[in-house]
Amino acid sequence: KEKPDFKPGLTVVQVGDRPDSNVYIGAKVKACEEIGINGVHMKLPPETTQQELIDAIEGLNVDPNVHGIILQVPLDCTTGIDETLCTNVLSPSKDVDGLTDVNAGRLARGDLKRCFTPCTPTGCMVLIDEAGVDVKGKNVCVVGRSKIVGAPMHDLLLWAHGTVTTCHSRTPDLGYHIKQADVVVVAAGKKELVKGEWIKPGAVVIDCGINPEPDATKKSGVKLWGDVEYQAAKQVAGAITPVPGGVGPMTVALLMRNTVVSAKRMHGITGVRSYSTASYTRPIAAQLGGGARGLSTSTNFARAGLSLLQRLKK
């Protein structure tokens, strides 16, 4: 009502033509269309040089109609582009996936009100909250330390007052650490790395893994596996996300929300808040309609993500 011409804009920059990237970008652009965001897929050829990519990003930085920018990685180029350098060309105020050093640094220092946080771990916080778990004082185990999921997941949980253990490829006796955890978040990129027998009874398990394998019985020709031994783990877990259909819908929903938040800030619209830790995400969880506690049902997650998208339309 304050700005009748208000229309958030999100641009996803891609170099090359990786099939998996095309799928991810397609999902983001479709979500934009559903809620009235101007979603643009800027596709650059594989021979794009680093300077050409930098020039393209800098143009988006100063475009008043663009409020969110994503550089889709990995880059599919033939010119040896430095992904980290180019990611940091993004204006932190438009870095809606929270991957620039500025936003990552603010998250690491707990300056949550002045940064965007990566959408996948932020979505995981929403899902944990939806399971009815306050991580304050809880033992939490994060498996994986990537810059996109594992490391920011640790930080978000830490600032939500969880007692966080981060495990990785050099951690001995992974099962021991997982068995102590009330909440387990896995983002290791290895099929069924986490065994069902390692899960503490009643624990919340969030599986961020996507491990494709050829499968002629599937229409797509591919079956997706998570990082958790799902069938065994769901017998003891209090709540568990499926793969696919678990973390993915929330990741997209949080990306849309960050774009709207960025646009509101740039247009000077009041009432903008950050949602990062469990205490920040609770208002989002409340918007999801409640009752989506059966985290083992992919339909609940699709409904939760769609519900949030519908709310953003308003």
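Note that the structure is a prediction, hence the values are computed from the model and not measured.

## Quick word on the confidence of the model for the protein chain
Low-pLDDT portions of the prediction should not be read for the details of their coordinates. Across the protein chain, pLDDT averages 86, with 84% of residues at or above 70. The low-confidence segment residues 274-306 (pLDDT under 50) makes 89 contacts with residues lying over four places distant or belonging to another chain. Throughout residues 308-314 the model reports pLDDT below 50, and contacts reaching past four residues in sequence, or to other chains, amount to 18 contacts.

## Comments concerning unusual backbone geometry
The phi angle of most residues is negative, glycine excepted, and most peptide bonds adopt the trans form. Cis peptide bonds are those with omega within 30 degrees of zero, and the linkage from valine 73 to proline 74 qualifies with 5 degrees. Mapped onto the fold, proline 74 is located in the loop between β3 (68-71) and α3 (83-87). Phi is positive for histidine 161, close to 75 degrees, though the residue is something other than glycine. The exposure class assigned to histidine 161 is exposed, which follows from its relative accessible area of 52%. Within the chain, glutamate 192 stands out as a residue other than glycine whose phi angle is a positive 50 degrees.

## Considerations on the pairing of strand β5 (residues 163-167)
Across 5 bridges, strand β4 (residues 139-143) lies against β5 in parallel orientation. Residue valine 140 lies in a different strand from β5, and its bridge partner there is valine 164. One crossover worth recording links β4 to the parallel β5 by way of helix α6 (residues 150-159), and it is right-handed.

Calculation rules
Residues numbered from 1 in each chain as written. Predicted model: local features only at pLDDT ≥ 70, side-chain atom pairs only at ≥ 80, totals over all residues. Heavy atoms only, no water. pLDDT = per-residue confidence, 0-100. Contact = heavy atoms within 4.5 Å. Helix = DSSP H or I, 4+ residues; strand = E, 2+ residues; numbered from the N terminus. Buried < 20%, exposed > 50% of the residue type's maximum accessible area, 1.4 Å probe, protein only. Pairing = 2+ DSSP bridges. Right-handed = clockwise from strand over helix to strand, strands pointing away.

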